[in-house]
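In case you want the letters, here they are:
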Amino acid sequence: MKWIFFDCFNTLIDEADALTGESGMEPIAHVPVAAGVFDHPDDFMAAYFGWRSSAWKDGNAYPEVTLPERLRSLLGPRCSEALLGPLVDEMIDTFKRWYPATLTLTPGVLSMLEVLAPHYRMGVVSNFFLPGTVDEVLEQFHIRHRFAFAVNSADIGFKKPDPRIYVHALSLAGCSASDVCFVGDNLENDVRAPIRHGMYAVHFDRRHSAAATPRIASWDEFEPVFS
Ligand SMILES: [Mg+2]
């Protein structure tokens, strides 16, 4: 049996900023300002992106740093331990209230999954910085049952393109890499790295941003490739 491994965000499920990058921190940036830890939400955002660019990678390994861990790193030097815990909790709660409402099903996903389900086994391999979220959002859109597994980087401690996440997904599938077509919007994580592991790959490239082939601009065009 052949497998299809899907990326989740901006592949199956669109974030509000699907075409501009990682989900924003803007909706939680007012919380540390209200607590007096930053003067302005823009100051928090600048500090977050500064921290992120310095902490993103560790040699050839890509550890996933969860959102609570990120906030503790960022806010810890600026406030007391007594304030830090409640502040991080409030920011996480705010994020969890806000985030699901920003999501939409990527156009064409439901019919694509219905057409493919009789012919392939399917799994999800996703980066996300809160444990459990990938299962939750797939349930939110009633598509979790389509997939044999859903890997979430925050649940396993490393993220794409760390080699371990692909090995982990293959072990869950119980198949060899040559039985897998990976598809997703990120050229490195969802195309190049899977190919390095011996999988086939299709770039879900709505922005026409890359010259990778094969590529598709909508789910209507998707045909899994295995040679
Ligand atoms: Mg993605």
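As the structure is a prediction and not an experimental result, all values here were calculated from the model.

Engineer: Give me the lowdown on the sheet that holds strand β5 (residues 149-152), citing residues and values where you can.
Structural biologist: Spatially, β5-β4-β1-β6-β7-β8 is the arrangement adopted by the six strands of the open sheet, whose pairing is parallel. Where the open sheet ends on each side, the last strands, each with one partner, are β5 and β8 (215-216). Judged from the four bridges that link them, strand β6 (residues 180-184) and strand β7 (residues 200-204) form a sheet pairing that is parallel. What sits directly across from Gly-184, in β7, is His-203. Helix α5 (residues 109-116) rests against β1 (3-6) and β4 (121-126) of the sheet, and its axis sits at about 160 degrees to β1. Helix α6 (residues 133-140) contacts β4 and β5 of the sheet and is inclined by roughly 135 degrees relative to β5.

Engineer: Would you mind going over the domain arrangement of the protein in detail, with residue names and values included?
Structural biologist: If you check the domain split of the protein, you get domain 1 (3-15 + 103-221) and domain 2 (26-101). Taken residue by residue, the interface counts 19 residues in domain 1 and 18 residues in domain 2. In total, about 1400 Å² of surface goes out of reach between domain 1 and domain 2, with carbon and sulfur atoms giving 62% of it. When residues of domain 1 are sorted by the area they lose upon contact with domain 2, Phe-129, Leu-130 and Lys-159 head the list and together hold 49% of the total. Where domain 1 meets domain 2, there are zero salt bridges. The tally of links between domain 1 and domain 2 comes to eight residue pairs in polar contact (both at pLDDT 80 or more). Among the secondary structure elements, those contributing two or more residues to the side of domain 1 that touches domain 2 are α6, α7 (153-156) and α8 (163-173). Split into classes, the residues belonging to the side of domain 1 that touches domain 2 amount to ten nonpolar, five polar and four charged.

Reading guide: rules and limits
- Residues numbered from 1 in each chain as written.
- Predicted model: local features only at pLDDT ≥ 70, side-chain atom pairs only at ≥ 80, totals over all residues.
- Heavy atoms only, no water.
- Pairing = 2+ DSSP bridges.
- Helix = DSSP H or I, 4+ residues; strand = E, 2+ residues; numbered from the N terminus.
- Contact = heavy atoms within 4.5 Å.
- Axes fitted to C-alpha atoms, helices over the stretch in contact; angles between N-to-C directions.
- Domains from an automatic or database assignment.
- Buried area = accessible area lost by both parts, 1.4 Å probe.
- Salt bridge = Lys/Arg side-chain N within 4 Å of Asp/Glu carboxyl O.
- Polar contact = N/O pair within 3.5 Å; in protein donor to acceptor, adjacent residues only side chain to side chain.
- Nonpolar A, V, L, I, M, F, W, Y, C, P; charged D, E, K, R; others polar.

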